[in-house]
Amino acid sequence: MMTNILKLNRLENQQIYCNATAYNLSEQLCECLLQFENVWETKSIEIETEIAEDVMITADEELLYLVWNNLLSNAFKFTPEGGKLCVSIEKTQRQQVTVRIRNVGVGIAKEELPFLFERFYKSDKSRGMDKEGTGLGLYIAKMLVNLNNGEIGVTSEVGQYTEFYFTLD
């Protein structure tokens, strides 16, 4: 919790700057995903990937690593045993890159979706979604994505899935 509060303080006081360089997003996302191998094996989660090879982007590699780590951590946390997690990267004809992280699970009610990226917001506690956390992770992720001139969003169906997507031009 302290780490998130310190990051938040630095972000809000504009002490974190975007150091954009060209790097391989495909490689970064795969490496980040592999750090959760322990979790997916323990929970018998099926992993499906559609990651185009060598997708190069110009962004702050360190800041986006924090975003992927947060989104994957949440996805694994809310994917039930024997569930499924899908990770994809696609590049459009306009050279826009979209990353999608989708987990099958409890989902999030539509009325909560607009608030997910707000500071300290935690999803409906009555559905058991609030296992742990500070309500800062998605807020920080959105700030980091914005620093990289990207957009982040979410779609979900209760009892079906939750999908976070990130788009960068």
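Notes on the structure in this doc start here. (Residues numbered from 1 in each chain as written. Predicted model: local features only at pLDDT ≥ 70, side-chain atom pairs only at ≥ 80, totals over all residues. Heavy atoms only, no water.)

### Looking at the packing of aromatic side chains
1) Next: Counted by the stated rule, this structure contains four aromatic pairs.
2) Next: Taking 5.3 Å as the distance between ring centres and 20° as the angle between the ring planes, the aromatic pair formed by F36 and F76 counts as stacked. Here F76 lies in helix 4 (residues 61-77) and F36 lies in the loop between helix 2 (25-34) and helix 3 (37-42), a separation of 40 residues in the sequence. Across this residue pair, the class does not change: F36 and F76 are buried.
3) Next: Here W68 and F166 contribute two aromatic rings whose centre-to-centre distance is 5.1 Å and whose plane-to-plane angle is 80°, an arrangement assigned as edge-to-face. Here F166 lies in strand 7 (residues 161-168) and W68 lies in helix 4, a separation of 98 residues in the sequence.
4) Next: On the accessibility criterion, W68 (0% relative accessible area) is buried.
5) Next: On the accessibility criterion, F166 (1% relative accessible area) is buried.
6) Next: Through a chain of ring-to-ring contacts, the aromatic side chains of F36, W40 and F76 assemble into a single cluster.
7) Next: Stacked on the ring of Y161, the Lys or Arg R102 has its end atom at 3.7 Å from the ring centre. (Phe/Tyr/Trp six-rings, centres within 6.5 Å; stacked < 30°, edge-to-face > 60°. Helix = DSSP H or I, 4+ residues; strand = E, 2+ residues; numbered from the N terminus. Buried < 20%, exposed > 50% of the residue type's maximum accessible area, 1.4 Å probe, protein only. Lys NZ or Arg CZ within 6 Å of the ring centre and 35° of its normal.)

### Focus: unusual backbone geometry
Note: most peptide bonds trans; most residues except glycine with negative phi.
1) Next: Positioned with a positive phi, S44 is a non-glycine residue whose angle comes to about 50°.
2) Next: Here S44 lies in the loop between helix 3 and strand 2 (46-51).
3) Next: When its relative accessible area of 51% is taken as the criterion, S44 is described as exposed.

### Here we look at the packing of helix 4 against helix 5 (residues 137-147)
1) Next: Packing of helix 4 against helix 5 brings their axes to within 9 Å, and their N-to-C directions diverge by 145°. The handedness of the crossing between helix 4 and helix 5 is left-handed. Residues L63, L66, V67, N70, L71 and N74 of helix 4 touch helix 5, and the partners they reach there are G137, L138, A141, L144, V145 and L147.
2) Next: Class assignment for the residues of the contact of helix 4 with helix 5 results in nine nonpolar, three polar and no charged. (Axes fitted to C-alpha atoms, helices over the stretch in contact; angles between N-to-C directions. Left-handed = near helix turned anticlockwise from the far one by under 90°. Contact = heavy atoms within 4.5 Å. Nonpolar A, V, L, I, M, F, W, Y, C, P; charged D, E, K, R; others polar.)

### Observations concerning the pairing of strand 3 (residues 56-59)
Successive side chains on a regular strand alternate, one facing one side of the sheet and the next facing the other.
1) Next: Where burial is concerned, the two faces of strand 3 differ: the one with I57 and A59 is buried and the one with M56 and T58 is not.
2) Next: Sheet analysis places strand 1 (residues 21-24) next to strand 3, joined by four bridges and oriented antiparallel. For A22, the partnering residue across the bridge sits in strand 3 and is T58. (Pairing = 2+ DSSP bridges.)

### A word on the pattern of salt bridges
1) Next: Taken as a whole, this structure holds five salt bridges when the rule is applied.
2) Next: Here E90 and R100 are joined by a salt bridge, their closest N and O atoms 3.4 Å apart. Highlighted residues: E90 in strand 4 (residues 84-91) and R100 in strand 5 (residues 97-104), separated in sequence by 10 residues.
3) Next: For E90, a relative accessible area of 37% translates into the label partly exposed.
4) Next: Among the ionic pairs, E163 bridges to R100, the shortest N-O distance being 3.0 Å. With E163 in strand 7 and R100 in strand 5, the pair connects residues that are 63 residues apart, well separated along the chain.
5) Next: Using a relative accessible area of 28% as the deciding quantity, one classes R100 as partly exposed.
6) Next: What you see here is one network of salt bridges that share partners, running through E90, R100, R102 and E163. (Salt bridge = Lys/Arg side-chain N within 4 Å of Asp/Glu carboxyl O.)

### Section: helix 2
1) Next: Taken together, the buried positions of helix 2 are L25, S26, Q28, L29, C32 and L33. The buried side chains of helix 2 occupy one side of the element, clustering within an arc of 165° when seen end-on.
2) Next: Measuring from the side-chain oxygen of the N-cap residue of helix 2 to the backbone nitrogen of S26 gives 3.0 Å; that N-cap residue is N24. (Arc of directions from axis to C-beta. Polar contact = N/O pair within 3.5 Å; in protein donor to acceptor, adjacent residues only side chain to side chain.)

Honestly, it's all geometry; don't read function into it.
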